[in-house]
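Commentary on secondary and tertiary structure
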Amino acid sequence: MGDSQTWTAAPSAAQHARSVLAASWSCAVTAEGGREEFVGAHTVTEDGRVTLDVPEDSTLVAAAICAPRGEPSAVLEFADAAPVPVRSRIRARLWIAGWFLPGDGRLELKATRVVLRRPSGAVVVDLDEFAAAEPDPLATAEARLLTHLADCHPDAVERLTRLVDPDTLHGVVRVQPLAVDRHGLTLRVERARAHGDVRLPFHAPADDVAQLTERMHALLTRASAASCPRALQRQRTDGDG
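Our subject in this report is the structure included herewith. (Residues numbered from 1 in each chain as written. Predicted model: local features only at pLDDT ≥ 70, side-chain atom pairs only at ≥ 80, totals over all residues. Heavy atoms only, no water.)

Let us now look at the side chain of T51. Mapped onto the fold, T51 is located in strand β4 (residues 50-53). What T51 contacts, discounting residues up to four positions off in sequence, is A41, H42, T43, R106, L107 and E108. (Helix = DSSP H or I, 4+ residues; strand = E, 2+ residues; numbered from the N terminus. Contact = heavy atoms within 4.5 Å.)

Here it is as structure tokens:
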């Protein structure tokens, strides 16, 4: 009875966008002077404002000074890449357009438009919602958590496929953990010429790593009680042969 009571919520577009921003270490900036790549140069305030530390000779400084005040003069792009090697590794892209406010060797972007592009399509994120949203509490730990799951517990990943619709596993050649947030775990199911994603929701949201551990144990307990999908049984048999 308890297994049917699942927490089905997912991050909103604003929360997802803030999570991408929180976890990103690099960004690309397109401005009047061209396009530049920055690594470890941006910081984010609690309300989502982005500040860049740039060299004095950067073309961005000149673009920021010369651009008419109030007119969009730059676009920041952040890529959300899966930490585990999978096909189509970019899970989402975040674009923030606006103009730079120069000062003390730093450039602060005054956002005028925020766009999040996911596999399901692109969505324009409301600026007030973006400012008010909080990143997923697991965002900065996600890469470490998924890498550990894939590298150290492949048996657990295989067991979790027992919770996946058997039809989805037809022709499967590999299953990898793709993403995790406070609401659930997403698996990437790869076939010979295609792939798809399956979301396994937690029974309740996880606000930290300790709670995530409990939620994962609950998923694995449910999976242990389920039968092994025939597709994986055939794959295992073929591999042994």
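Another aspect to go through is helix α4 (residues 142-152). Taken residue by residue, α4 has E142, L145, L146, L149 and A150 as its buried positions. Taken end-on, α4 shows its buried residues confined to a sector of 120 degrees, consistent with a single buried face. Exposed and oriented more than 90 degrees from the buried face of α4 are R144 and D151. Packed against the buried residues of α4 are β6 (90-103), α5 (154-160), β9 (172-181), β10 (184-191) and α6 (209-224). (Buried < 20%, exposed > 50% of the residue type's maximum accessible area, 1.4 Å probe, protein only. Arc of directions from axis to C-beta.)

Moving on to the packing of aromatic side chains. Scanning all chains against the criterion turns up zero aromatic pairs. A cation over an aromatic ring shows up here: R18 above the ring of F130, its NZ or CZ 5.6 Å from the ring centre. (Phe/Tyr/Trp six-rings, centres within 6.5 Å; stacked < 30°, edge-to-face > 60°. Lys NZ or Arg CZ within 6 Å of the ring centre and 35° of its normal.)

To continue, consider the pairing of strand β7 (residues 106-118). In this sheet, β7 lies alongside β4 in antiparallel orientation, the contact comprising three bridges. By the bridge assignment for β7, L52 is matched with L107. With 11 bridges connecting them, β6 and β7 associate as antiparallel partners. Bridging across to β7, I96 finds its partner in V114. Where β6 folds back onto β7 in an antiparallel hairpin, the turn is made up of two residues, including D104, whose phi is positive at roughly 55 degrees. In this sheet, strand β8 (residues 121-125) lies alongside β7 in antiparallel orientation, the contact comprising five bridges. Counterpart to R117 in the pairing with β8 is A122. Where β7 folds back on β8, the antiparallel hairpin that results is connected by two residues. (Pairing = 2+ DSSP bridges.)

Turning our eyes to something else, we now look at the pattern of salt bridges. A full pass over the atoms with the stated rule returns 14 salt bridges. For the salt bridge of E37 with R35, the shortest nitrogen-to-oxygen distance reads 3.7 Å. Owing to a relative accessible area of 48%, R35 belongs among the partly exposed residues under this scheme. A salt bridge links E77 to R93, with the shortest nitrogen-to-oxygen separation between them at 2.9 Å. Of this pair, E77 sits in strand β5 (residues 74-81) while R93 is found in strand β6, placing the two residues 16 residues apart along the sequence. Taking relative accessible area as the criterion, E77 reaches 17% and is therefore assigned buried. A residue is classified by how much of its surface remains accessible, and R93, at 29% relative accessible area, is partly exposed. (Salt bridge = Lys/Arg side-chain N within 4 Å of Asp/Glu carboxyl O.)

Here we take up the sheet that holds β10. Sheet architecture is open: three strands sit in the order β9-β10-β11, paired in antiparallel fashion. Because the sheet does not close on itself, it has two edges, and the strands there are β9 and β11 (195-201). Between one strand axis and the next, the sheet turns by 25 degrees as a mean value, whatever way the strands run. Direction of pairing for β9 relative to β10: antiparallel, over a ladder of eight bridges. Its bridge partner being in β10, V180 is matched across the sheet by L185. Across the sheet, α4 lies against β9 and β10, angled at about 150 degrees from β9, the strand it touches most. (Axes fitted to C-alpha atoms, helices over the stretch in contact; angles between N-to-C directions.)

What follows covers unusual backbone geometry. Positive phi, normally seen in glycine, also occurs at S88, with a value near 50 degrees. Checked against the element boundaries, S88 lands in the loop between β5 and β6. Look at S88 and you get partly exposed, because its relative accessible area is 47%.

Judged by nonpolar contacts, the single largest core of 30 residues is most densely connected at V29, L60, F78, L94, I96 and F100. Going through the elements one at a time, α1 (13-23), β1 (26-31), β4, α2 (59-66), β5, β6 and β7 are the ones with two or more residues in this core. A total of five residues in this core trace back to one element, the largest contributor, which is α1. For F100, the residues in contact, after removing those within four places along its chain, are V29, L52, L60, A64, S73, A74, L76, L107, E108 and L109. Counting residues in each nonpolar core, the second largest holds 26 residues, with L138, L146, V157 and L160 among its members. (Core = buried A, V, L, I, M, F, W, Y, C linked by side-chain atoms within 4.5 Å.)

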